[in-house]
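# Coordinate inspection notes
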Amino acid sequence: LILDVLVNQDVPKLVLGYSLKDRMGQMIYGTNTALKDMVIESPKAGDKVTYTIDFCLELGLGNFSIQTALGCSDNHIDGNYQWVDLAYTFEVLPSNTNDFSGVARMNPTILIEN
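Below or above, wherever it landed, is the structure these notes cover. What you see is a predicted model, and the numbers here were worked out from it, not measured in a lab.

## A closer look at the nonpolar core
Formed by L3, V5, V7, L14, L16, Y18, V49, Y51, I53 and L70, the largest nonpolar core amounts to 10 residues. Those elements that provide at least two residues to this core are β1 (2-6), β2 (13-22) and β5 (48-52). If you look at the next biggest cluster of nonpolar residues, it comprises five residues, including L20, F64, I66 and F90.

Shown next, in the form of structure tokens:
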């Protein structure tokens, strides 16, 4: 996930939050840069920031979306600068690796003793 941000005005802090949601809008996963101790302090108007987020995403079949937000704290209530629902939508289609049911692959190790 790559997000390019242009700061339009001086702000005390810049925090990026994002979440992955299923087709019903239920959050599958969410976090933000404050929770990861990666807050940008005192960005100025005109500053450009690129966030590159690398993660393993093993989903079941279905439609999903990514929501993004920019704010100044670890929650979306204090100083919310921008919020984008459905920033990106995508569909996971059937393949030959669909060997599970549900939203996310867990890759279990199964031991059978008899």
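Next, the rest of the story.
## Side note on a nonpolar patch on the surface
Where nonpolar side chains cluster on the molecular surface, the patch consists of I28, Y29 and V103 and spans about 230 Å² of accessible area. Position of I28 relative to the elements: it lies in strand β3 (residues 27-32). I28 gets classed as partly exposed once you look at its relative accessible area, which sits at 32%.

## Focus: the pairing of strand β6 (residues 62-71)
The buried count for β6 comes to nine of 10 residues, which makes it a mostly enclosed element. Pairing between β2 and β6: eight bridges, direction antiparallel. By the bridge assignment, V15 is partnered in β6 with G71. Bridge count for β6 against strand β7 (residues 82-92) is eight bridges, and the pairing is antiparallel. Across the sheet, I66 pairs through a bridge with Y88, a residue of β7.

## Overview of the side chain of T33
As for its placement among the helices and strands, T33 is situated in the loop between β3 and β4 (40-41). Setting aside chain neighbours within four positions, we find T33 in contact with L14, V15, L16, M38, V39 and Y51.

## Remarks on the environment of L3
Residue position: L3 is located in strand β1. The class of L3 is buried, set by a relative accessible area of 17%. Sequence separation between L3 and L16 is 13 residues, and the spatial gap between their C-alpha atoms is 9.3 Å. When near neighbours in sequence (up to four residues on either side) are disregarded, L3 contacts L16, V49, T50, Y51 and T68.

The rules behind the values
- Residues numbered from 1 in each chain as written.
- Predicted model: local features only at pLDDT ≥ 70, side-chain atom pairs only at ≥ 80, totals over all residues.
- Heavy atoms only, no water.
- Core = buried A, V, L, I, M, F, W, Y, C linked by side-chain atoms within 4.5 Å.
- Buried < 20%, exposed > 50% of the residue type's maximum accessible area, 1.4 Å probe, protein only.
- Helix = DSSP H or I, 4+ residues; strand = E, 2+ residues; numbered from the N terminus.
- Patch = residues over 30% accessible without salt bridge, like charges linked within 9 Å, V, L, I, M, F, W, Y side chains within 5 Å.
- Areas by Shrake-Rupley, 256 points an atom, 1.4 Å probe, with all protein chains shown as cover.
- Salt bridge = Lys/Arg side-chain N within 4 Å of Asp/Glu carboxyl O.
- Pairing = 2+ DSSP bridges.
- Contact = heavy atoms within 4.5 Å.

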